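Observations on the model geometry
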Amino acid sequence: MAVKELGHLVLYVKDLKRSAAFYGEVLGWEVAFPVTLGIPAAAFTSGRTHHELLLIEVEDEASALPTGRHLGLYHFGLRVGDTDDDLRAMVTRLQEAGVTIVGASDHTVTHSLYVLDPDGNEVELYIDVPGVDWRSDPSLVMAPIRPLTL
């Protein structure tokens, strides 16, 4: 047996309405299904599977994420299109929503923007660079990171 794919992520959030608006309205992720877990929750999908992200609201006393380097999740990546034009459109959408872009990188195989969600989780929004054949040359995946110019 072997892992076949990453199925989904579950995030605890402080304010479900705010976080659902970020992932749904700002990033454009489709609501997966009406959640009936008996708790405040929201699910999102790209259509690949039943849900790829589940948000669960937790009480106000929940601990905030530590700042700086720490054990656990660093960031997760969401492919938001196929071209730099798609990434430029995402920049416009983020700016219109008042979302701060905390980083932008050319990873050779991807062009990536980095943002923080309402609870401080870092999210990479990226496109796979057309024509880069990392399967034939896996070293491209670890190429030096350069600043991204869109």
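Structural notes, computed from the coordinates. (Residues numbered from 1 in each chain as written. Predicted model: local features only at pLDDT ≥ 70, side-chain atom pairs only at ≥ 80, totals over all residues. Heavy atoms only, no water.)

**Digging into the layout of surface pockets**
Size it by volume and the largest pocket reaches roughly 760 Å³. Among the elements of the structure, β5 (75–81) and β8 (122–128) are those that each provide at least two residues to the lining of the largest pocket. The greatest single-element share of the lining of the largest pocket, amounting to 5 residues, is contributed by β5. Its boundaries defined by the atoms lining it, the second largest pocket holds a volume of some 550 Å³. Around the second largest pocket, the lining is made up of 23 residues, and of these Leu65, Pro66, Asp119, Gly120 and Asn121 lie nearest the centre. By residue number, the principal contributor to the lining of the second largest pocket is strand β1 (residues 9–13), which donates 3 residues. Grouping the amino acids of the lining of the second largest pocket by side-chain chemistry returns 11 nonpolar, 7 polar and 5 charged. (1 Å grid on protein atoms, 1.4 Å probe; cavity = no way out; pocket = protein on both sides within 12 Å on 5 of 7 lines; lining within 4 Å. Points joined across faces, edges and corners; volume = space filled by probe spheres on them. Helix = DSSP H or I, 4+ residues; strand = E, 2+ residues; numbered from the N terminus. Nonpolar A, V, L, I, M, F, W, Y, C, P; charged D, E, K, R; others polar.)

**So, the side chain of Asp106**
Tracing the sequence through the fold places Asp106 in strand β6 (residues 101–106). A residue is classified by how much of its surface remains accessible, and Asp106, at 13% relative accessible area, is buried. Within the structure, Asp106 has its side chain in polar contact with the backbone nitrogen of Thr108 (distance 2.8 Å). When residues no more than four places from it in sequence are discounted, the contact partners of Asp106 are His111, Pro144, Ile145, Arg146, Pro147 and Leu148. (Buried < 20%, exposed > 50% of the residue type's maximum accessible area, 1.4 Å probe, protein only. Polar contact = N/O pair within 3.5 Å; in protein donor to acceptor, adjacent residues only side chain to side chain. Contact = heavy atoms within 4.5 Å.)

**Re the nonpolar core**
Proteins that are soluble and globular tend to have nonpolar side chains buried together. Membership of the largest hydrophobic core comes to 25 residues, with the highest contact counts inside it found for Tyr23, Leu27, Leu55, Leu94, Leu113 and Leu125. Where this core is concerned, the elements lending two or more residues are β1, α1 (16–26), β3 (41–45), β4 (53–57), β5, α2 (84–96), β7 (110–116) and β8. In this structure, Tyr23 is in contact with Leu11, Gly28, Trp29, Phe44, Leu53, Leu55, Phe76, Asp117 and Val123, ignoring residues within four places of it in sequence. (Core = buried A, V, L, I, M, F, W, Y, C linked by side-chain atoms within 4.5 Å.)

**Some details on the sheet that holds strand β2 (residues 30–31)**
The 4 strands lie next to each other as β1-β4-β3-β2, forming an open sheet whose pairing is mixed. Bordering the open sheet on either side are β1 and β2, each of which pairs with just one other strand. (Pairing = 2+ DSSP bridges.)

**Here we look at the pattern of salt bridges**
By the definition in use, this model includes 6 salt bridges. As a salt-bridge pair, Arg79 and Asp82 come within 2.7 Å of each other at their nearest N and O atoms. Classification of Arg79 as partly exposed rests on a relative accessible area of 48%. Here Arg88 makes a salt bridge to Asp85, at a shortest N to O gap of 2.6 Å. Placement of both Arg88 and Asp85 in helix α2 is noted, with a separation of 3 residues, approximately one turn of the helix. Arg88 sits in the partly exposed class, given a relative accessible area of 35%. Linked by salt bridges that have partners in common, Glu5, Arg48 and Glu52 make up one network. (Salt bridge = Lys/Arg side-chain N within 4 Å of Asp/Glu carboxyl O.)

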